[in-house]
Amino acid sequence: MTFQAKDALIFNTTAAKHATLAVEIDVARFAGFAGIETTAAKIHGYLDADHSVSDIKAALSGLPVYGVGTVLNIERHGDDTQSLISDARAVFELASCVGAKGVQVITGPLDHLEVARFREDKPKAGYRGVLDYRQEERIEITAKNLKMLAEIAQEFELLVYLEALAWGPVNSLADQVTLLRKANRDNLKMVVDYWHCYASGDHPEDLAVIDGNLIYGVHVCDSLPLSGGVPNESILRDIPTGEGVLDLKAWTDAVKATGYTGWWCSETFCRKVQQENSYDVASQMKAQLTSLVSGC
């Protein structure tokens, strides 16, 4: 597969959440995207239904897979380390078999309600990751794991890209830059997600000053107003991209100020949009993304 190096506009799986992998690929090609970012779950579902890797490659027909998600709760350590390694290897193998370039990894806890319980000093009800640790320890544990994941990914000739969840304890742009610096692996980068940046308290000016070489991809997305407390993604992101409170141009200009010239995709977590015609949705999002990135 040929990966476009400069300002590639790619299709994100959220724009066809309820579609099969084959339909998702067709939608992306119809709308004129230069590649896709999909999920291990969709790839696994396709293969589990008695399709082959050859079938996937035939469906892609050269359409690049820029990213596959997701390895969750990457700060797992101690007795949970082996489960992290097993989960990561499973995703890396799927990504490798379809010729993907990168795999997305995400900090935890995935459940924002557990973070709320922690902040309210309520008893533990589920996975808490490194919430109970001091911030320095959170960074050290997560960075160590990122280095380990990048080393495993290298066996598959894959790049690992980090997305820090806004409600997690290690969530800011500064935190992510620190993690990447500490892990210090050439095949380790980050994705800039406008919503997670906003919901973690960052602003475009915070983004504009980071090193663009640390960025692998950009998620263009929107939000309803956040008034405080633990961000609830399912509520705050239930808005069409471009109709929320985020200044998409300001965030896009901030990315460009870093010197970044890689791929961009438009995400939507709007339930109404995800139930509409995926071909129409993809075409509209492609036009919006083109206008934002190229200014035309």
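Look up: the structure comes first, before these words.
Okay, so let's go over this structure. Given the structure is predicted, the values throughout are model-derived calculations rather than measurements.

Definitions and limits used
Residues numbered from 1 in each chain as written. Predicted model: local features only at pLDDT ≥ 70, side-chain atom pairs only at ≥ 80, totals over all residues. Heavy atoms only, no water. Helix = DSSP H or I, 4+ residues; strand = E, 2+ residues; numbered from the N terminus. Rg over C-alpha atoms; globule rule 2.2 N^0.38 Å. Buried < 20%, exposed > 50% of the residue type's maximum accessible area, 1.4 Å probe, protein only. Contact = heavy atoms within 4.5 Å. Areas by Shrake-Rupley, 256 points an atom, 1.4 Å probe, with all protein chains shown as cover. Lys, Arg positive; Asp, Glu negative; His and termini not counted. Charge placed at Lys NZ, Arg CZ, Asp CG, Glu CD. Salt bridge = Lys/Arg side-chain N within 4 Å of Asp/Glu carboxyl O.

## Focus: the overall build of the protein chain
The number of helices and strands found in the protein chain is 13 helices and 8 strands. For 296 residues, the compact-globule formula gives about 19 Å, and the C-alpha radius of gyration of the protein chain, at 18 Å, lands near that figure. Evaluated residue by residue, the protein chain yields a buried proportion of 53% over its 296 residues. Residue pairs at least 24 apart in sequence account for 79% of intrachain contacts in the protein chain once pairs closer than 6 positions are excluded. Within the structure as shown, the protein chain displays about 12,700 Å² of accessible surface, and the carbon and sulfur contribution to it stands at 50%. Counting 27 positive and 40 negative side-chain charges, the protein chain places the averaged centre of each group 2 Å from the other.

## Examining the pattern of salt bridges
Any two side chains of opposite charge can pair, given that their charged atoms come close. In this structure the tally under the stated criterion is 18 salt bridges. Of the charged contacts in the structure, one is a salt bridge between Arg134 and Glu136, with a shortest N-O distance of 3.4 Å. Under the relative-accessibility criterion, Arg134 is labelled exposed at 51%. Beyond isolated ion pairs, a larger network of salt bridges with shared partners links Asp111, Glu114, Arg117 and Arg128.

## Notes on the side chain of Arg76
Mapping Arg76 onto the fold places it in the loop between strand 3 (65-71) and helix 4 (81-97). Those residues in contact with Arg76, other than ones at most four positions away along the chain, are Thr81, Ser83, Leu84, Asp87, Tyr127 and Asn145.

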